[in-house]
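Coordinate inspection notes
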Amino acid sequence: MSANKKNEEGLEHIRNAEKHLKTSLLKWRPDYESAADDYNKAATCFRNAKNFVQCKECLLKSVDCHKQNRALFSAAKALDQAVLVCKELGDLQDVASLAERAANMFQSHGSGDTAAASLDKAAKILEAQHPEQALRLFQHASEIAMIQDNSRQAAEYVSKVARLHVKLQQYDLAADAIRRELGLHQQNEAYQATGRLAVALVLVQLARGDVVAAEKAFKEWGNYCEAPEVQTLEMLLQAYDEEDPEAAKRALNSSFIKHMDVEYAILARDMPLPEGIATPPKASVRENAAPSYVSPNSQTTATIEDRPDDRGEPKEGASDDELEGGLC
């Protein structure tokens, strides 16, 4: 009964909103502000009644009214609410587009930080099921944070971009994002975070199959790492350089790598190990083996050479007269 009552209340607010939008001979312009307010109240009623489809429709109508009234901040807030309703519906198809619209309105209003936070919130909703869409939202959020000159917040968003690239196995893009994040951490003098990120960059370069780039990353950023991290990275790079899979496995199983962000820990766990240098097997003599193969040509040659005819020696049984006649 309570849900039915809330639905009826919501429908009443919709009727009031439609009245505000009507014009007459004495009312030339619709009352967009009052209509938006009634649509928002209707959306609240439908949400309480778990009627999320009509709740979303009322919020979008409220957005249109706020835009007509040039109340961009209020319109963006309504779009934020619509994103949450999409989550409740389990229909994430419109989340990215709604979040982008909200961010643009927040920016137009001059609320850049709120725009970035709105994108971040929507990206978290999409991250598990639609990582590619979440990636674009995090990238947009980082760009807005840089425009706002908020390098710390930008580093946080770029970190999420890098981890999503790793999750999607886009290691070239992940390496680029990590380098941008390293630059932001260096700018903010966040040296401990820089050291941990240097380890992540080495892992990503090894995942790309580029040992030389991994060594360059270590030489460039390794001085920010702590002593145990340096020792482990040296062991890891030496193992890949010498193609020693067992040593590489021991290095990748180090405790601090296992306690990195989930994406990097999984990357280390699934990292292809060096194959090692294959050595040819030693020749062995088998007992009771068959005799060596001898070519029949060699036997024929030997037989011919052993013939007495070919050496000019007399045949057996030849008489002296025959021999004398042959000499004449």
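In this report, the structure presented in the accompanying data block is examined. (Residues numbered from 1 in each chain as written. Predicted model: local features only at pLDDT ≥ 70, side-chain atom pairs only at ≥ 80, totals over all residues. Heavy atoms only, no water.)

**A few points about the environment of Arg 163**
Definition in use: Each helix is a run of DSSP H or I of at least 4 residues and each strand a run of E of at least 2, with the numbering of both proceeding from the N terminus. Contacts are assigned to residue pairs with any non-hydrogen atoms lying within 4.5 Å of each other. Here a polar contact is recorded for every N or O atom pair within 3.5 Å, except that within protein the pair must consist of a potential hydrogen donor and a potential acceptor, and residues adjacent in sequence are included only if both atoms are side-chain atoms.
If you trace the backbone, Arg 163 turns up in helix α8 (residues 151–167). Leaving out residues up to four positions away in the same chain, Arg 163 has contacts with Asp 261, Glu 263 and Tyr 264. Side chain to side chain, Arg 163 and Ser 159 meet in a polar contact 2.7 Å long. A polar atom in the side chain of Arg 163 sits 3.4 Å from the side chain of Glu 263.

**Considering the nonpolar core**
Quick note on the threshold: Take the buried residues of types Ala, Val, Leu, Ile, Met, Phe, Trp, Tyr and Cys, join any two whose side-chain atoms come within 4.5 Å, and each joined set is a nonpolar core. Burial classification: accessible surface area is computed with a 1.4 Å probe over protein chains only, and a residue below 20% of its type maximum counts as buried, one above 50% as exposed, and the rest as partly exposed.
Residues Ile 178, Leu 203, Val 204 and Leu 236 are the most contacted members of the largest nonpolar core, which totals 91 residues. Counting residues per element, this core draws most heavily on helix α10 (residues 191–207), which supplies 10 residues.

**Some remarks on a negative patch on the surface**
The condition that has to hold: What makes a patch is a set of residues exposed beyond 30% relative accessible area and free of salt bridges, joined within 9 Å when like-charged and within 5 Å when nonpolar (Val, Leu, Ile, Met, Phe, Trp, Tyr). Accessibility throughout is a Shrake-Rupley quantity obtained with a 1.4 Å probe, and a residue counts as covered only by protein chains that appear here. Any carboxyl oxygen of Asp or Glu within 4 Å of a side-chain nitrogen of Lys or Arg constitutes a salt bridge here. The convention is simple: Lys and Arg are positive, Asp and Glu are negative, and His and the chain ends are not counted. For charged residues, the charge sits on one atom: NZ in Lys, CZ in Arg, CG in Asp, CD in Glu.
A grouping of Asp 241, Glu 242, Glu 243, Asp 244, Glu 246 and Glu 275 is seen on the molecular surface, where their side chains present a negatively charged patch. When you line up the elements, Glu 275 lands in the loop between α15 (262–269) and α16 (296–306). Of the residues examined, Glu 275 reaches a relative accessible area of 79% and is grouped as exposed.

**Section: the packing of helix α4 (residues 72–89) against helix α5 (residues 95–109)**
Think of two packed helices as two axes; the pair is described by the angle between the axes and how far apart they sit. Short version of the rule: Angular values range over 0 to 180 degrees, each being the angle between N-to-C directions of two axes fitted as lines to C-alpha atoms, with helices fitted over their stretch in contact. Any angle that is under 35 degrees is reported as roughly parallel, and any over 145 degrees as roughly antiparallel; angles of 65 to 115 degrees are reported as roughly perpendicular and all others as oblique. Throughout, a crossing is termed right-handed when the near helix is turned clockwise from the far one, and left-handed when it is turned anticlockwise from it by less than a right angle. Put simply, Ala, Val, Leu, Ile, Met, Phe, Trp, Tyr, Cys and Pro go in the nonpolar bin, Asp, Glu, Lys and Arg in the charged bin, and everything else, Gly too, in the polar bin.
Put simply, α4 and α5 touch, their axes get as near as 8 Å, and they point 160° apart. It follows that α4 is roughly antiparallel to α5 by the angle criterion. Read as a crossing pair, α4 and α5 show a hand that is left-handed. Along its contact with α4, which presents Leu 72, Phe 73, Ala 75, Ala 76, Lys 77, Leu 79, Asp 80, Ala 82, Val 83 and Cys 86, the element α5 presents Val 95, Leu 98, Ala 99, Arg 101, Ala 102, Met 105, Phe 106, Ser 108 and His 109. Here the residues of the contact of α4 with α5 are counted per class, giving 14 nonpolar, 2 polar and 3 charged.

**Focus: the packing of helix α6 (residues 112–126) against helix α7 (residues 131–147)**
Where α6 meets α7, the closest approach of the two axes is 8 Å, and the angle between their N-to-C directions is 165°. With respect to α7, the element α6 is oriented roughly antiparallel. Judged by the twist between their axes, the crossing of α6 over α7 is left-handed. Only Pro 131, Gln 133, Ala 134, Leu 137, Phe 138, His 140, Ala 141 and Ile 144 of α7 make contact with α6, whose side of the interface consists of Gly 112, Ala 115, Ala 116, Leu 119, Asp 120, Ala 122, Ala 123, Lys 124 and Leu 126. For the contact of α6 with α7, the residue count by class is 12 nonpolar, 3 polar and 2 charged.

**Quick look at α5**
Going by this rule: A helix is expected to span 1.5 Å for every residue after the first.
The first and last C-alpha atoms of α5 sit 21 Å apart over 15 residues, in line with the 21 Å expected at 1.5 Å per residue. Among all positions in α5, only Val 95, Ala 96, Leu 98, Ala 99, Ala 102, Ala 103, Met 105 and Phe 106 are buried. Looking at the residues trailing α5, positive phi occurs at Gly 110, about 95°.

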